Amino acid sequence: MDSTSLKKYRYSTLPRVGMLALALTLSAGSQLVSAQTLPVPTTTVCDIATNTQCVPVAVQYDQAYSYSTRVLDYLYPGAGWTANAGTGQLDLIVTTRSAGQSNAGLGFNVPDPITNANTNPINDSWGAGGTPSTTMLVKDLYNYLFTTFQANTPVFTFDQNETGGNPNLLVTAKVQILDGDGTTVLEDWFFDAVNNGAENLGSPVTAPGEITIPAINTASLLDTVTFDNNKGSGKFDYLLYIPDLNLADFDDDDNIFKLSWVFSDVDDGGEEITITGRFTGELCPNPDLPQCQVVPEPQSLALISLALLVMGIASSRRRHPRVVD
Ligand SMILES: [Ca+2]
Ligand SMILES: [Ca+2]
Ligand SMILES: [Ca+2]
Ligand SMILES: [Ca+2]
């Protein structure tokens with residue numbers, strides 16, 4: 001199986017095998033935090049009556065996919081996707097309004113958060129502060145995510161806090177893997193409104209304080225449903241997932257993980273960013289897991305995919321409207 005088909009298999013079958021992967025992950029070790037598998041980001045969920053109103057589970061912003069936890073909860077009721085998903089646990093805090101916060105309690109070699117100055121605009125970064133205590137080595141981040149969640153890929157949580165009359169926030173962000181010198185960029189990924197694999201600071205993403213989508217669970221095609229995807233502190237309003245950001249690819253001695261962000265149209269209380277592995281888009285986060293041991297032949301792979309597809313359709317019909325990739 002070449003890398004292209006492997007990639008296609010990994011991502012195209014995620015929602016169907018997600019529970020399987022979760023079960024296998026759970027059986028691998030009780031000390032782990034069980035990861036909740038994100039639906040494949042290109043999935044749309046359509047109303048079961050007419051199949052004409054479809055809602056994407058995530059929105060692509062350049063190399064990242066943004067999931068609203070409220071929309072996920074609406075599209076997958078009962079699956080635990082709420083603003084308190086993952087029990088609302090703040091794992092590795094990158095930035096927070098509260099001064100003096102620490103990541104020391106994690107027990108891993110990770111820098112403390114950047115205090116959110118809550119100015120307008122905000123232009124800040126974390127992970128390449130120039131001193132040992134402010135440097136996020138890739139190997140240390142990988143060790144934390146892999147040991148705690150068996151995750152190779154960090155997922156970013158975002159707590160928006162724009163509670164007044166101007167609830168939107170404008171955001172660009174980027175992840176860089178730097179060489180040990182702190183300046184040489186080995187790889188980068190961008191979050192902005194131009195899907196070109198490059199930085200576009202002038203085209204920020206609008207993070208809406210309210211989200212309105214078609215109401216796919218009602219009979220009328222005219223109905224909509226609106227979510228406040230904003231209010232409340234310490235909740236996960238958005239989850240950001242970058243499929244190609246695999247830390248295992250950059251796990252060298254001195255490589256540095258740097259996250260940078262620019263917020264504008266900033267109002268009200270301060271926003272918060274964390275890094276976690278408790279949400280995952282990976283089918284095979286750990287090569288030692290049983291589901292990663294056998295690479296099926298193309299013919300058997302097709303049969304497995306078909307079987308999982310049938311299982312996925314059956315389970316999704318039991319609990320929800322039709323799901324279309
Ligand atoms: Ca919030
Ligand atoms: Ca704010
Ligand atoms: Ca605002
Ligand atoms: Ca871009």
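As a reminder, the structure under discussion sits directly above these lines.
These numbers were taken from a predicted model, which means no experiment stands behind them.

The next point concerns helix α4 (residues 138–149). Over its 12 residues, α4 runs 16 Å from end to end, which matches the ideal 16 Å to within 8%, given 1.5 Å per residue. Taken as a whole, α4 has its buried residues at Val138, Leu141, Tyr142, Tyr144, Leu145, Thr148 and Phe149. Angular distribution of buried residues about the axis of α4 spans 160°; they occupy a single face of the element. Those residues of α4 that are buried lie in contact with β6 (92–96), β10 (169–178) and β16 (256–264). Just beyond α4, the residue with positive phi is glutamine 150, at close to 55°.

So, about the environment of glycine 234. When you line up the elements, glycine 234 lands in the loop between β14 (224–228) and β15 (238–241). With 13 C-beta atoms packed within 10 Å, glycine 234 lands in the partly exposed category. With 75 residues separating them along the chain, glycine 234 and aspartate 159 place their C-alpha atoms 6.6 Å apart. When neighbours within four sequence positions are excluded, glycine 234 is seen to be in contact with Gly88, Leu90 and Asp159.

Rules behind the numbers
Residues numbered from 1 in each chain as written. Chains lettered and ligands numbered in written order. Predicted model: local features only at pLDDT ≥ 70, side-chain atom pairs only at ≥ 80, totals over all residues. Helix = DSSP H or I, 4+ residues; strand = E, 2+ residues; numbered from the N terminus. Expected span 1.5 Å × (residues − 1). Buried ≥ 20, exposed ≤ 12 C-beta atoms within 10 Å, placed from the backbone. Arc of directions from axis to C-beta. Contact = placed C-beta atoms within 7 Å.

From the geometry alone we can't say anything about function, so treat these as descriptive.
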